[in-house]
Amino acid sequence: LTEDGSRTETSKLKVKVMPVYEGPESITGLNVRKRIMKTYRKQVEANPDSITGFGVRKKIRRPYRDLKSLYARKKREAKVALIEMSAPLRAQVLFVTRESVKGALTGDPDLPLSWRKQFRRIVDDIWQDVLMEVEIAVEEAKLGVGGQAYHDVLSLREVGTTPRCCSLLWARAFVLY
């Protein structure tokens, strides 16, 4: 080195890089590594979405999907059971409602007895339709929870009984349907 800090002579250092292992290509001689890599490449080509090629992600997600579908099915079954369990309470509420409507219509003391009887009969006749509609709605809800459709347009004709020709119920059905 000189006084100004520059180098005057150059030294050459020669480095020889030696391989760590200088034996045959395979340690065991059975080409195990080549066979593993060949199998691995085939699996990667068969499952290009998979990182490893062994479908690990799919195998991990499959039980979760199965559990999720089982949970959804059990949830639907529980909803259907809950709807079925409400039948006695629903019948009791409908009965009390019918009797309160009858009481409200016939509660006037000045109303003639024949009119009271007629009003009660009319409420009873109409109430059969109300009960049928409620049961149809409950059945539709049950089947809807289960993932099925209840009626199509053609099957609606067959719901209920056909009224006698030229009766009041027939005229009502003619006007409504």
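Just so it is clear, the model here is predicted, and its values are computed rather than measured.

**Student:** Report on the state of the cysteines, specifying residues and quantitative values.
**Tutor:** Applying the stated criterion across every chain yields a total of 0 disulfides. Here Cys165 stays free of any disulfide, with the sulfur of Cys166 as its closest cysteine sulfur at 3.6 Å. A relative accessible area of 60% means that Cys165 is categorised as exposed.

**Student:** Go over a nonpolar patch on the surface, please, and point to the residues and values.
**Tutor:** Side chains of Trp170, Phe174, Val175 and Leu176 sit close together on the surface and give an oily, nonpolar patch of about 470 Å² of accessible area. On the secondary structure map, Val175 appears in helix 5 (residues 168-176). Judged by relative accessible area, which is 69%, Val175 ranks as exposed.

**Student:** Please set out the confidence of the model for the chain residue by residue, giving values where relevant.
**Tutor:** With 64% of its residues at a pLDDT of 70 or more, the chain has an overall mean of 77. Helix 3 (residues 87-106) holds the highest mean pLDDT among the elements of the chain, 92, whereas helix 1 (residues 32-46) holds the lowest, 71.

**Student:** So what about helix 4 (residues 113-145)? Which residues, and what values?
**Tutor:** A rise of 1.5 Å per residue sets the reference length of helix 4, with its 33 residues, at 48 Å; its end C-alpha atoms lie 47 Å apart and thus fit the reference within 8%. If you check which residues of helix 4 are buried, you get Val123, Trp127, Ile136, Val138 and Lys142.

The rules behind each value
- Residues numbered from 1 in each chain as written.
- Predicted model: local features only at pLDDT ≥ 70, side-chain atom pairs only at ≥ 80, totals over all residues.
- Heavy atoms only, no water.
- Disulfide = S-S within 2.5 Å.
- Buried < 20%, exposed > 50% of the residue type's maximum accessible area, 1.4 Å probe, protein only.
- Patch = residues over 30% accessible without salt bridge, like charges linked within 9 Å, V, L, I, M, F, W, Y side chains within 5 Å.
- Areas by Shrake-Rupley, 256 points an atom, 1.4 Å probe, with all protein chains shown as cover.
- Salt bridge = Lys/Arg side-chain N within 4 Å of Asp/Glu carboxyl O.
- Helix = DSSP H or I, 4+ residues; strand = E, 2+ residues; numbered from the N terminus.
- pLDDT = per-residue confidence, 0-100.
- Expected span 1.5 Å × (residues − 1).

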